[in-house]
Each structure stands twice: as structure tokens, then as C-alpha cells.
Amino acid sequence: MTEKLDQILAFNREFVASGEYKKYLSTKFPYKKLAILSCMDTRLTALLPAALNLKNGDVKIIKNAGGMISHPYGSVMRSLMVAIYELGVEEILVIGHYDCGMQGKDSGGIIAKMLQRGIEPQTLEIIRACGIDLDAWLSGFGDVETSVRQSVELIKGHPLMPRDIEVRGLIIHPESGELTVVV
Ligand SMILES: [Zn+2]
């Protein structure tokens, strides 16, 4: 077992035994009937809920690199469908952020690192030959406002999205937590 996991498990035993968990008790149905799609950026882990006054149990939060929807029938959209149809979500916020690691990223840099780490060029060729657009899949976005707008449009225009769902787009500052409404 790794040292990191050992530390986590030691803390966890104490967390459970002390009853610390009791202040987080809530339900799987989000009290605020809200879902948020945002970025996995570490600066936002505690800042985003704090800056929006969100407590455990309030919202469904879906996160990935860049807060992007890479496919209309991928896991982000599926999570939103479950959140709406099964868990009572009525409003969706797409929250991008300034200084995002996915901004201005093309696939070249990450593919070069894959090759350095021992992935065979042939593997990339096979994946491409299978019809997978690796470059599109690994690319980020040019401009965060445009990215947020596009995600909002994609969600609103999705054929399985109920028409009464409110979808808004915002940008959060990764240090101050200040929100700017985009759409
Ligand atoms: Zn980011």
C-alpha cells in the first residue's frame, strides 16, 4: 500500500470513530435541486462550494478537466440526465474558471508526454485507425467564455433534455471565488 493511502486510511479510522461524519449527513436528493458542471482544478475543490455557499447535500457536482462535455452521449451528459430525471435537479450551472489548465491546450503536448512515458507510437496509430479522434479528445478549449457558452448550448439543445430545465453559464475566479455570469 502507498504511503499516501496509509495516511488517508489512518485519518479515516479516526474520522469515523470520532463521529466527525455526522455533520455531513444528508440525502442523495440535492436540497437545492441544482447540478453544477465544473473543472477538476484543485484550487476549486473547497473554494467553489465555499464561494457559492453550498453545503454537503445541496448540489450534484460533476467535474472533469476543463469542465467540458466531450461527447453529447458521454458520462457528463448521462450524469446530468440522472440528476434531472432521478434526483430532482431543476437547474444546471456550467462553471468554468480563469487560468484553466485546459485553456489553449492542443493534443500535441500530451501526446509527446505519452510517447516519453513509453506509449508506443504504433498504439496511437491503432487507436486512430479505429476511428477515434485522439486530437479532438485530448484538446482543451481556446477561450473559457466560449467553452462555457458552448456547453450551455449543448445541454439546452440536447434532445433528451426537458425544456423546463434552466441552464446558466458562469466563470469563477480561481483565487477570489468571484463569479461572472456569462449566459
Ligand atoms: Zn480548469
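All of these numbers come straight from a predicted model, not from anything done at the bench. (Residues numbered from 1 in each chain as written. Predicted model: local features only at pLDDT ≥ 70, side-chain atom pairs only at ≥ 80, totals over all residues. Heavy atoms only, no water.)

### Some thoughts on the overall build of the chain
At step 1: Of the regular secondary structure elements, the chain holds seven helices and five strands.
At step 2: Traced from its N-terminal end to its C-terminal end, the chain shows the element sequence α-β-α-β-α-β-α-α-α-α-β-β.
At step 3: When its C-alpha atoms are laid out on the principal axes, the chain stretches across 50 × 50 × 35 Å.
At step 4: The buried share among the 183 residues of the chain stands at 36%.
At step 5: Here the contacts in the chain between residues at least 6 apart in sequence split such that 75% fall between residues at least 24 apart.
At step 6: Carbon and sulfur atoms make up 55% of the accessible area of the chain, which totals about 11500 Å².
At step 7: Positive and negative side-chain charges in the chain, numbering 20 and 22 respectively, have mean positions lying 5 Å apart. (Helix = DSSP H or I, 4+ residues; strand = E, 2+ residues; numbered from the N terminus. Buried < 20%, exposed > 50% of the residue type's maximum accessible area, 1.4 Å probe, protein only. Contact = heavy atoms within 4.5 Å. Areas by Shrake-Rupley, 256 points an atom, 1.4 Å probe, with all protein chains shown as cover. Lys, Arg positive; Asp, Glu negative; His and termini not counted. Charge placed at Lys NZ, Arg CZ, Asp CG, Glu CD.)

### Here we look at a nonpolar patch on the surface
At step 1: Nonpolar side chains collect at one region of the surface, where L5, I8 and L9 lie side by side and expose about 240 Å² of accessible area between them.
At step 2: Here L9 is to be found in helix α1 (residues 3–17). (Patch = residues over 30% accessible without salt bridge, like charges linked within 9 Å, V, L, I, M, F, W, Y side chains within 5 Å. Salt bridge = Lys/Arg side-chain N within 4 Å of Asp/Glu carboxyl O.)

### What about the pattern of salt bridges?
Two side chains carrying opposite charge are able to pair once their charged atoms lie near each other.
At step 1: This model, assessed by the stated rule, comprises six salt bridges.
At step 2: A salt bridge links D41 to R43; its shortest N-O distance comes to 2.8 Å.
At step 3: The partly exposed category is assigned to R43, whose relative accessible area is 31%.
At step 4: Across the pair R128 and D135 runs a salt bridge, and its minimum N-O distance is 3.4 Å.
At step 5: Note on R128: relative accessible area 36%, which makes it partly exposed.

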